[in-house]
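# Coordinates in review
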Amino acid sequence: MALALKDRQQYTYGEYRQWLDDVRYELIDGAAYLMSPTPDLAHQDVAGEIYCQTANALQGSSSRAFIAPLDVRLPSHDEADELITSVVQPDVLVVCDANKLDRRGVRGAPDWVVEVLSPSTASHDQIKKRDLYQRHGVREYWLVHPIDRLLFV
């Protein structure tokens, strides 16, 4: 099942920041995709455990682990934040370069991204987001299927 598009318009991060918080979207190449409803307990358990183990493993290093929701802005070039057309919220991510962190979240590709698959997001995560992460230089992308207990790297 594909995630619903807000409409057929193209948006930027500047416009995205003006939207109400009660409905969450991700922008991929300017298209606004409605994020699925609150994840189920299995999704939360898996994402939380991956985050905890990762954060513990990174203690004492300059790399940092984060868990959703956190905006990751993926600029195409050197455009200003307000003009960025891709903003996502991975379930778990690691950033090794502190220069990518600011008060709004992350600007630039994380080093490692984990998406925990849900029935409503699986094809979106496996196709659209995988392509987006690859184009923007994410070094490692994990897809975790909590029901079938599978991991795709």
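Residues numbered from 1 in each chain as written. Predicted model: local features only at pLDDT ≥ 70, side-chain atom pairs only at ≥ 80, totals over all residues. Heavy atoms only, no water.

## Digging into the overall build of the protein
Regarding its fold elements, the protein presents three helices and eleven strands. A principal-axis box enclosing the C-alpha atoms of the protein has dimensions of 40 × 35 × 30 Å. Residues counted as buried form 45% of the 153 residues belonging to the protein. In the protein, 60% of the contacts between residues at least 6 apart in sequence involve partners at least 24 apart. Split by element, the accessible area of the protein, about 8800 Å² in all, is 51% carbon and sulfur. (Helix = DSSP H or I, 4+ residues; strand = E, 2+ residues; numbered from the N terminus. Buried < 20%, exposed > 50% of the residue type's maximum accessible area, 1.4 Å probe, protein only. Contact = heavy atoms within 4.5 Å. Areas by Shrake-Rupley, 256 points an atom, 1.4 Å probe, with all protein chains shown as cover.)

## Things to note about helix α2 (residues 41-58)
The end-to-end C-alpha distance of α2, which contains 18 residues, comes to 25 Å, matching closely the 26 Å that a straight helix rising 1.5 Å per residue would cover. Buried within α2 are the following residues: His-43, Ala-47, Ile-50 and Thr-54. Projection of α2 onto a plane perpendicular to its axis shows the buried side chains occupying an angular sector of 65°, all on one side. Along α2, the residues that are exposed and aim more than 90 degrees away from the buried face are Leu-41, Gln-53 and Asn-56. Along its buried surface, α2 packs onto β3 (64-67), β6 (92-95), β9 (112-116) and β10 (140-145). Measuring from the side-chain oxygen of the N-cap residue of α2 to the backbone nitrogen of Ala-42 gives 3.3 Å; that N-cap residue is Asp-40. Phi turns positive one or two residues past the end of α2, at Gly-60, with a value near 90°. (Expected span 1.5 Å × (residues − 1). Arc of directions from axis to C-beta. Polar contact = N/O pair within 3.5 Å; in protein donor to acceptor, adjacent residues only side chain to side chain.)

## What to know about the layout of surface pockets
Of the volumes computed, that of the largest pocket is approximately 460 Å³. Looking at the largest pocket, it is lined by 23 residues, and the ones nearest its centre are Arg-24, Met-35, Pro-39, His-43 and Asp-91. Listing elements by their share of the lining of the largest pocket, those giving two or more residues are α2, β9 and α3 (122-136). In terms of residue class, the lining of the largest pocket is made up of nine nonpolar, eight polar and six charged. (1 Å grid on protein atoms, 1.4 Å probe; cavity = no way out; pocket = protein on both sides within 12 Å on 5 of 7 lines; lining within 4 Å. Points joined across faces, edges and corners; volume = space filled by probe spheres on them. Nonpolar A, V, L, I, M, F, W, Y, C, P; charged D, E, K, R; others polar.)

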